[in-house]
Amino acid sequence: MRIVAGVDFGTLNTRVTLLERDRGRLGTAVASYPLKRRKEDPNFATQSHADQMNALAAAMADVLKQTGVDGQSVESIALDTTGSSVIPVDSSMEPLDDYYLWCDHRALHEAQQITALAHVRNLEAIEWCGGVYSHEWGWAKLLHWLRHNPEKRSSFASAFEHCDMVAATLCGIKDPKLVKRSVCAMGHKWLWGSKWGGFPPQEFFSELDPLLDGVRAKMESAVLTSDHLAGTLSPEWAARLGLRAGIPIPVGAFDAHWDAIGAGCREGDVVNVVGTSTCIIAMAKQTQLIPGVCGVVPGSVHPHLTGIEAGLSATGDIFEAIARRAGTTTKTLSEDLDQYRAGQTGLLRLSWDNGDRTVLVNSELGGITLGWNLLHTAQDEFFAAIEGTAFHTRIILQRLSEYGVPINRVINAGGVPQNNSTLNQVYANVLNKPVLVPDSPPTSVGSGIFASVAAGIYSSVEAAQDKMAPGHRVFMPQPESAAVYEELYRLYRAVYFSFGDRSAKPQDLSGVLHVLREIAARQRNATPLLAV
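Report on the accompanying structure.

Thresholds, definitions, all that
- Residues numbered from 1 in each chain as written.
- Predicted model: local features only at pLDDT ≥ 70, side-chain atom pairs only at ≥ 80, totals over all residues.
- Heavy atoms only, no water.
- Helix = DSSP H or I, 4+ residues; strand = E, 2+ residues; numbered from the N terminus.
- Rg over C-alpha atoms; globule rule 2.2 N^0.38 Å.
- Buried < 20%, exposed > 50% of the residue type's maximum accessible area, 1.4 Å probe, protein only.
- Contact = heavy atoms within 4.5 Å.
- Areas by Shrake-Rupley, 256 points an atom, 1.4 Å probe, with all protein chains shown as cover.
- Lys, Arg positive; Asp, Glu negative; His and termini not counted.
- Charge placed at Lys NZ, Arg CZ, Asp CG, Glu CD.
- Core = buried A, V, L, I, M, F, W, Y, C linked by side-chain atoms within 4.5 Å.
- Pairing = 2+ DSSP bridges.
- Axes fitted to C-alpha atoms, helices over the stretch in contact; angles between N-to-C directions.
- Salt bridge = Lys/Arg side-chain N within 4 Å of Asp/Glu carboxyl O.
- Parallel < 35°, antiparallel > 145°, perpendicular 65-115°, else oblique.
- Left-handed = near helix turned anticlockwise from the far one by under 90°.
- Nonpolar A, V, L, I, M, F, W, Y, C, P; charged D, E, K, R; others polar.
- Phe/Tyr/Trp six-rings, centres within 6.5 Å; stacked < 30°, edge-to-face > 60°.

## Quick word on the overall build of the protein
Moving on, step 1. Helices and strands together make up the secondary structure of the protein, namely 19 helices and 23 strands.
Moving on, step 2. In terms of C-alpha radius of gyration, the protein reaches 23 Å, essentially the compact-globule figure of 24 Å for 532 residues.
Moving on, step 3. Expressed as lengths along the three principal axes of its C-alpha atoms, the size of the protein is roughly 70 × 55 × 45 Å.
Moving on, step 4. When each of the 532 residues of the protein is scored for burial, the buried share is 61%.
Moving on, step 5. For the protein, restricting intrachain contacts to residue pairs at least 6 apart in sequence, the fraction spanning at least 24 positions comes to 72%.
Moving on, step 6. Carbon and sulfur atoms provide 50% of the accessible area of the protein, an area that totals close to 19,900 Å².
Moving on, step 7. Taking the average place of the 47 positive charges on the side chains of the protein and the average place of its 56 negative ones, the gap between the two points comes to 1 Å.

Spelled out as structure tokens, the structure:
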């Protein structure tokens, strides 16, 4: 047997999967760690590096025991993480603070300053991340940290993305200059691009804030795709994990990107990684600027293709909020949800509760629901929210298609599609395309695929996918529902751009509520959504 370990660091836990060359998944174990929040500051979200590494050791011990695998036979370990999750370190790679987790939103002011100056200075990099720098991304978080931790500035040597920090720790690297950085992380979140020579020039950062003087040199180290090694497992961490020292560790990446690989993504596929938010991942041979899309980075998903990242700022979070306000759970709201018909509620719900990540790239938008009457229920809103996230996804896929991204298959990955057949059927009907759903969660499988390539078990990502990626269930579009959603999509698109884009040509929205009511009345006696 030839066995590798794939690791996924999520927001609340780490997941370790052991995979074998011919049999695929052998077993998975999960260990949790605390997410630090502050009641007085809803934008605060941090996590301890030590807590995460302890969880990795616990999950590894659990999966080895569960499967009966001898850790000495594991040939490689690879990892993906959340992002942009940023940690400042000293010259010995010791953390100076906790991670600013991906969902830490304290750096809004810094992100706005970066965006404004980037456009004034005609910085090419800003156009390749949708024209707006996000408060969820690296430079904004680092600047916020420097501004609010004056007592630690003198010890600051560099900052790292979560995936690069974990790999460096496992490899025993103690010098920030020797750490291999991920193209995936740097290209999508840190304004890095080989096209313009790496990071923006130091003059840009110094003009942004003198606290950033010299920061470019501090951030300089090799930036590589995941067909390169971050290093090999150190004796210290081999002992802690129960593995063999010296096994290869490839350069890591973000979880959604490798989830897409684990879900079987190839060129021509789009993967919707649907969780608390939605990360939309695609790959193409061509590298082309796509307006409103937050990342187009060669080598970021697949080492030999251009990775494209877009998404919704909130999906599962919206569903949870609806349930919370109603004093119930999404599980309860999902009961009998398959009896709903397309457009039956008469509600049109936009998914801006946490802003718009793509294609308007505006974090200051808020949720909108049109069509309320006094009898609407939380379950009605829940179903309309599913429809709304599907409509928003269609807007994004249409933008990708307009700029030459091939879309032959749509795969719904992430945690939500595994447990919500109604959502998958709605997406198939709204997109009017077959929607594939992995037979089992692909989380950490993508890491295993890259680990198997690093170990030389497979010669390519595709060869590893053929053996290790799960199969798919297929949800086919239903013609009658798809026709209704075609009508509703025209309304959604009109409202989306009229309310969200100040530069858009004004549209007459006076008929929207009338059409919503008309469709709802027509659909009350139609066939339920999932009826056979």
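Next comes the rest of the description.
## Concerning the nonpolar core
Moving on, step 1. Within the largest apolar cluster, 114 residues are counted, with the highest numbers of intra-cluster contacts made by Y133, W139, L170 and L241.
Moving on, step 2. Among the elements that take part in this core, helix α1 (residues 49-67) stands out by supplying eight residues, more than any other.
Moving on, step 3. Discounting chain neighbours no more than four positions away, the residues touching L241 are L56, A57, M60, L64, I77, L170 and L233.
Moving on, step 4. Judged by nonpolar contacts, the second largest core, of 63 residues, contains L312, F319, I396 and V410.

## Digging into the sheet that holds strand β1 (residues 3-9)
Moving on, step 1. Taken together, five strands build an open sheet; the order of strands is β3-β2-β1-β6-β14 and the sheet is mixed. The open sheet is flanked by β3 (24-32) and β14 (253-254), the only strands paired with a single partner.
Moving on, step 2. Running at roughly 140° to β3, α1 makes contact with β1, β2 (13-20), β3 and β6 (74-81) of the sheet.
Moving on, step 3. Across the sheet, helix α16 (residues 445-454) lies against β1, β2, β3 and β6, angled at about 135° from β6, the strand it touches most.

## Thoughts on the side chain of H144
Moving on, step 1. Tracing the backbone shows H144 in helix α4 (residues 138-148).
Moving on, step 2. Apart from residues no more than four positions distant in its own chain, H144 is found in contact with Y100, R106, A107 and E110.

## A short note on the pattern of salt bridges
A pair can form between side chains of opposite charge whenever their charged atoms are brought close.
Moving on, step 1. This model, assessed by the stated rule, comprises 20 salt bridges.
Moving on, step 2. Between R147 and D209 there is a salt bridge whose closest N-O contact spans 2.9 Å. With a gap of 62 residues between them, R147 in helix α4 and D209 in the loop between α7 (202-208) and α8 (215-219) connect regions that are remote in the sequence.
Moving on, step 3. For R147, a relative accessible area of 22% corresponds to the partly exposed category.
Moving on, step 4. Each member of the salt-bridge network shares a partner with another, and the members are R325, R349, D353 and E381.

## As for the pairing of β2
Moving on, step 1. Among the eight residues of β2, six are classified as buried, and the element is accordingly described as predominantly covered.
Moving on, step 2. The pairing of β1 with β2 spans seven bridges and is classified as antiparallel. Among the inter-strand pairings, I3 is bridged to a residue of β2, identified as E20.
Moving on, step 3. For β2 and β3, the ladder comprises eight bridges, and the chain directions are antiparallel. Of the residues in β3, the one forming a bridge with L19 is R25.
Moving on, step 4. The turn linking β2 back onto β3 is made up of three residues.

## Observations concerning the packing of helix α15 (residues 421-431) against helix α18 (residues 479-500)
Two quantities define a packed helix pair, namely the angle between the helix axes and the distance between the axes.
Moving on, step 1. Here α15 crosses α18 at 65°, and the two axes come no closer than 7 Å. In terms of axis orientation, α15 runs roughly perpendicular to α18. Crossing hand, α15 versus α18: right-handed. Contacts between α15 and α18 involve V426, N429 and V430 from the former and S481, A482 and Y485 from the latter.
Moving on, step 2. Here the contact of α15 with α18 is built from residues that sort into four nonpolar, two polar and no charged.

## Brief notes about the packing of aromatic side chains
Moving on, step 1. All chains considered together, the criterion is met by 15 aromatic pairs.
Moving on, step 2. On the basis of an interplanar angle of 85° and a centroid distance of 5.2 Å, the ring pair of Y133 and W137 is categorised as edge-to-face. W137 shares its class with Y133; the two are buried.
Moving on, step 3. Each ring, one from Y492 and one from Y496, has its centre 6.2 Å from the other, and the planes form 25°; the classification is stacked. With Y492 and Y496 both in helix α18, this residue pair falls four residues apart, about one helical turn.
Moving on, step 4. Its relative accessible area of 0% is what places Y492 among the buried residues.

## Observations concerning the sheet that holds strand β15 (residues 269-274)
Backbone hydrogen bonds hold the strands of a sheet together, and the pairing may be parallel or antiparallel.
Moving on, step 1. The seven strands are arranged β17-β18-β16-β15-β21-β22-β23 in an open sheet whose pairing can be described as mixed. If you trace the sheet from one side to the other, it starts and ends with β17 (295-298) and β23 (472-475), each paired once. Direction aside, neighbouring strands of the sheet carry axes that sit 25° apart on average.
Moving on, step 2. Examined bridge by bridge, strand β22 (residues 435-438) and β23 share four bridges and lie antiparallel to one another. Across the sheet, V435 pairs through a bridge with F475, a residue of β23.
Moving on, step 3. Across the sheet, helix α13 (residues 378-402) lies against β15, β16 (278-284), β18 (306-312) and β21 (409-413), angled at about 150° from β18, the strand it touches most.

## Quick word on the environment of D80
Moving on, step 1. Tracing the sequence through the fold places D80 in strand β6.
Moving on, step 2. Residue class for D80 comes out buried when judged on its relative accessible area of 0%.
Moving on, step 3. In sequence terms D80 and Q507 are 427 residues apart; their C-alpha atoms lie 44 Å from each other.
Moving on, step 4. Among residues more than four places away in sequence, those in contact with D80 are V7, D8, F9, A253, F254, D255, W258 and S447.

## Some details on helix α5 (residues 162-171)
Moving on, step 1. Burial analysis of α5 places ten of its ten residues in the buried class, which makes it a mostly covered element.
Moving on, step 2. G172, located one to two residues past α5, shows a positive phi value of around 75°.

## Description of the packing of α1 against α5
Moving on, step 1. At a minimum axis distance of 12 Å, the contact between α1 and α5 shows a crossing angle of 65°. Both α1 and α5 take part in a crossing whose hand is right-handed. Contacts between α1 and α5 involve H49, Q52, M53 and L56 from the first element and H162, M165, V166, T169 and L170 from the second.
Moving on, step 2. A per-class count over the contact of α1 with α5 returns five nonpolar, four polar and no charged.

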